[in-house]
Structure formats: C-alpha cells, structure tokens
Amino acid sequence: MTAQLAIASLAPVANMTASVLTLAENRLIELDYALDEVTSEETDAILDEHSALVEKALAMPAGSDDDRAKQVRVLLNHVMPAKWLGADEDLDWDIAMARRLLLKFAGLDPMVDPTSGE
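Residues numbered from 1 in each chain as written. Predicted model: local features only at pLDDT ≥ 70, side-chain atom pairs only at ≥ 80, totals over all residues. Heavy atoms only, no water.

A.B. asks: Go over helix α3 (residues 40-59) with me, naming the residues and quoting the values.
C.D. replies: Residue pairs spaced three or four apart in an α-helix point in one direction, given the helix's 3.6 residues per turn. Taking 1.5 Å as the rise per residue, α3 with 20 residues should run 28 Å; its terminal C-alpha atoms sit 29 Å apart, in good agreement. Residues of α3 that are buried: I46, H50, L53, V54 and A57. For α3, the angular spread of buried residues about the axis comes to 105°, placing them on one side. The outward face of α3, more than 90 degrees from its buried face, is lined by the exposed residues E41, D44, A45, D48, E55, K56 and A59. (Helix = DSSP H or I, 4+ residues; strand = E, 2+ residues; numbered from the N terminus. Expected span 1.5 Å × (residues − 1). Buried < 20%, exposed > 50% of the residue type's maximum accessible area, 1.4 Å probe, protein only. Arc of directions from axis to C-beta.)

This is the structure in structure tokens:
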C-alpha cells in the first residue's frame, strides 16, 4: 500500500486525490475482509491501520464531485454504523434525511444506496 501511495503522489495534482482515494477505498475493503480471518491479537493492528487510512482519506482535499463521492462512500461504508446503509425506505427517517443530504452534497443520487458504488 505504501508503495502505491508513493507512486500516486507522483501523479498530477488534479488526479492525485482521486488516485489515492481509490487506493484507500480498495485497502479499506481488504482490511474489512481481513478482520474476519485474523486472530484477536491481529485485530488491533488492522483496526489501527483502518482508522488511520479513513482519517487520511477524509482529510484529503476534494476538488471534484468524484473525490467528494469517494469520501462520502468511505464515510458511509467504513465509519458509519450499518443502519446508515441499505434501501432508503428501510432507514430511520432521521438517518435517511441526513444520508440524502450528504449524498446530494457529494454529487451522488440521494436515493441510491452508496454501497452500490454508483
């Protein structure tokens, strides 16, 4: 991962955020799957890496709708509790309203589950 991030840092600034966010999203998915396969001693190290990666991804400048969409997906898929995911009509009203606004601000369809990657 570190080598990939170093390579991404050589990309033009306009593409750097998108490239790093894509790498971060992919690594977070890997870490989520890894949690299911490790011993309890290894869990803390994975959670530490997961937390650090989320914080870096959300702190990056988001200069495009695509960058903002990726950051919102990171937030919803890797930070917020599962009750923030799923079909809009299955969510509690307050969560549905907050999620719709967040998705709208990120340039995403507020009526589409963000786990779909659309």
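A.B. asks: Summarise the nonpolar core; cite the residues concerned and give the values.
C.D. replies: Within the largest apolar cluster, 10 residues are counted, these being A69, V72, L76, W84, L91, I95, A96, L103, A106 and L108. Elements supplying a minimum of two residues to this core: α4 (65-78) and α5 (93-105). Non-local contacts of I95, meaning those with residues more than four positions away in its chain, are made with K83 and W84. Ranked by size, the runner-up nonpolar core spans 9 residues in total, among them L28, V54, M60 and V74. (Core = buried A, V, L, I, M, F, W, Y, C linked by side-chain atoms within 4.5 Å. Contact = heavy atoms within 4.5 Å.)

A.B. asks: Which residues make up the pattern of salt bridges, and what values do they have?
C.D. replies: Under the definition given, this model contains 7 salt bridges. E25 serves as the salt-bridge partner of R73, at 3.4 Å between the closest nitrogen and oxygen. With R73 in helix α4 and E25 in helix α2 (residues 13-35), the pair connects residues that are 48 residues apart, well separated along the chain. Neither residue differs from the other here; R73 and E25 are each classed as buried. E49 is the salt-bridge partner of R27, the closest N and O atoms lying 2.8 Å from each other. You can see R27 sitting in helix α2 and its partner E49 sitting in helix α3, a full 22 residues away along the chain. Among the charged side chains, a salt-bridge network with shared partners connects R27, E30 and E49. (Salt bridge = Lys/Arg side-chain N within 4 Å of Asp/Glu carboxyl O.)

A.B. asks: Explain the side chain of Q71 residue by residue, including any values.
C.D. replies: Looking at where Q71 falls in the secondary structure, it is placed in helix α4. Excluding residues that lie within four positions of it along the chain, Q71 makes contacts with L21, A57, L58, M60 and A62.

A.B. asks: Let's hear about the side chain of H50: which residues, and what values?
C.D. replies: Positionally, H50 belongs in helix α3. Residues contacting H50, with those up to four places away along its chain left out, are L28, L31, D32 and H78.

A.B. asks: Tell me what's going on with α5, and back it up with residues and numbers.
C.D. replies: Between its first and last C-alpha, α5 extends 18 Å over 13 residues, near the 18 Å set by a 1.5 Å rise per residue. The complete set of buried residues in α5 reads I95, A96, R99 and L103. Within α5, the buried residues cover an arc of 95° as seen down the axis, which keeps them to one side. In α5, the exposed residues that point more than 90 degrees away from the buried face are W93, D94, K104 and F105. Tucked inside the fold, the buried residues of α5 contact α4. Just beyond α5, the residue with positive phi is G107, at close to 80°.

These results come straight from atomic positions and should not be treated as a statement about function.
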